[in-house]
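Structural overview for review
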Amino acid sequence: MRTCLIVDDSRVVRKVASRIVRDLGFSVTEAGDGAEALKMCRESMPDAILLDWNMPTMNGIDFLRALRREEGGKVPRIVFCSIENDPEHINEALRSGADEFIMKPFDADILESKFAEVGLI
Amino acid sequence: MQETVFNVLADLALKATGQAIPPSRAYLMEARLAPLARREGFGTLADLVHCLESRQNPVFRNEVASALLTHDTWFFRERAVFDTVINAILPERLDATQSGRLRVWCAGGSTGQEAYSLAMLLEDEPGASLRSAKIEILSTDYCKYSTEKARLGVYNHYEAQRGLSIFRLMKHFNRMDSGDWQANETIRSRVSFRQHNLMETASGLGKFDLIFCRHVLSGMSKAARMRVAEVLVAQMAPGAVILLGEGETFQGLTDLLEPARDIRQGWVAAGTANRAAA
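Just so you know, these numbers come straight off a predicted model, no measurement behind them.

**Considerations on the overall build of chain A**
Helices and strands together make up the secondary structure of chain A, namely five helices and five strands. Tracing chain A from N to C terminus, the helices and strands come up as β-α-β-α-β-α-β-α-β-α. Here the C-alpha atoms of chain A give a radius of gyration of 13 Å, agreeing with the 14 Å that 2.2 N^0.38 yields for 121 residues. Viewed in the frame of its principal axes, chain A has a C-alpha envelope of about 35 × 30 × 25 Å. Across the 121 residues of chain A, 52% fall into the buried class. Residue pairs at least 24 apart in sequence account for 58% of intrachain contacts in chain A once pairs closer than 6 positions are excluded. In the form shown here, chain A has an accessible surface area of approximately 5600 Å², with 48% of it arising from carbon and sulfur atoms. Computing the positive centroid from 16 side-chain charges and the negative centroid from 22, chain A places the two 4 Å apart.

Written out as structure tokens, the structure reads:
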């Protein structure tokens, strides 16, 4: 089964996203910030990462840049997922190594469509 | 819902747009008309129907019949079809016609996502032969509001993310202060929009080399589907292809069309499928 790591400091968002991603056939793990997510990736690299921007300890952009430098860190398809939805922020995420970008709030149709864009489903 | 109210609305939908709405879907009717009824200040659907009957207002009739239609669509719906269009159908038509121009019709194109999807593909990945061709895209819909929305090319946060990659969104759309996204000048200039009822002749629109008519026939009565088939056939240029949606067919509706060889969901003039492939 394919794996997806959901990184968001909001438990509610993680719960909603988990539900949708599970329905798409993924096994899901969760992290509350970038530092925790990086630790989890070092133990086991997921196929997909759904990544929030603003988080305590280590934010999404810093996590993304750090992960892409790790061994095997280019493997996961990373879908950024943020309320910051102006072109400057979106471009920064894409330049930093994100494969797709979801503007919050999102629903199951959008998540499925974006996962399809990057070949996850 | 009162039976008399249902009957008036079902009759309007059937006459105006060929929609066959069974009594079991009265709940859907209520849900779809609620925003319109609220906006116009009707307490109940019975009041709305009373107004509909006492005031022969074509604009209001269009609004009510439009509200009863399915408008749902998204960018690159049934994506494989678009690959076939850009890599096979359009180059083949261009080669056959030798005119350097092609006309494409999105019949029942709702809020324009289908037409804009094609316009984006023509910008992003035209094959060598398509690059220099002049390809006109016309999208029509019965609904006045959908046609106006399509023409503006403005999509909300949800619509702009359905079927559209972030790269295409950034390339072909501009973010507005409202947070909505508007198709840019380049792709808007490739597409035009007109209000048209598929139950009525389309001779004024001219002939087309490719016609999209996807997920339009599904909710219609058989008589209405036969009528639409007749209207579409009349606008086919020689060798034209009609594309239906997944699960739709012209079988039993017309003898003038047959399934195209090698084009999934594609239909061509009867007796030409084998010739076109040869």
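**Regarding the pairing of strand 3 (residues 48-51) of chain A**
Residues and elements named next belong to chain A. Side chains Ala48 and Leu50 of strand 3 all project onto a buried face; the interleaved residues Ile49 and Leu51 project onto the opposite face, where all are buried too. Relative to strand 4 (residues 77-82), strand 3 runs parallel, the two sharing four bridges. By the bridge assignment for strand 4, Ala48 is matched with Arg77. Considered for its hand, the β-α-β crossover made up of strand 3, helix 3 (residues 60-69) and strand 4 is right-handed.

**Digging into the sheet that holds strand 4 of chain A**
Residues and elements named next belong to chain A. Strand order in this open sheet of five strands is 2-1-3-4-5, and the pairing throughout is parallel. Two strands close off the open sheet at either side, each with one partner strand: strand 2 (26-31) and strand 5 (100-103). Here the average twist between neighbouring strands, direction ignored, is 20 degrees. Packed onto the sheet, helix 2 (residues 34-43) meets strand 1 (2-7), strand 2 and strand 3 and runs at close to 135 degrees relative to strand 2.

Conventions we followed
- The numbering scheme is per chain: residues are counted from 1 as the chain's sequence reads.
- Whichever chain is written first is A, and whichever ligand is written first is 1; the rest continue in order.
- pLDDT decides what is reported in this predicted model: residues at 70 or higher carry local features, side-chain atom pairs at 80 or more are listed and counted, and totals for whole chains, interfaces and linings draw on all residues regardless.
- Hydrogens and water molecules were not included; the side-chain quantities draw on all heavy atoms of the structure.
- Numbering of helices and strands runs from the N terminus; a helix is a DSSP stretch of H or I covering at least four residues, while a strand is a stretch of E covering at least two.
- What the globule rule says is 2.2 Å times the number of residues to the power 0.38, and the radius of gyration is computed from C-alpha atoms.
- Exposure classes here rest on a 1.4 Å probe applied to the protein chains alone. A residue is buried below 20% of its type maximum, exposed above 50%, and partly exposed in between.
- Contact between two residues is taken to exist if any of their heavy atoms lie within 4.5 Å; hydrogens are not considered.
- Per-residue and other accessible areas were derived by the Shrake-Rupley procedure at a 1.4 Å probe size, with only the shown protein chains allowed to occlude residues.
- Charged-residue counts in this description rest on Lys and Arg as positive and Asp and Glu as negative, His and the chain ends being excluded.
- A single reference atom marks each charge: NZ on Lys, CZ on Arg, CG on Asp, CD on Glu.
- For two strands to pair, DSSP has to find at least two bridges joining them.
- The crossover handedness rule: strands pointing away from the viewer, path from first strand over the helix to second strand clockwise, crossover right-handed.
- To define axes, lines are fitted to C-alpha atoms, for helices over the stretch in contact only, and angles between the resulting N-to-C directions are given on a 0 to 180 degree scale.

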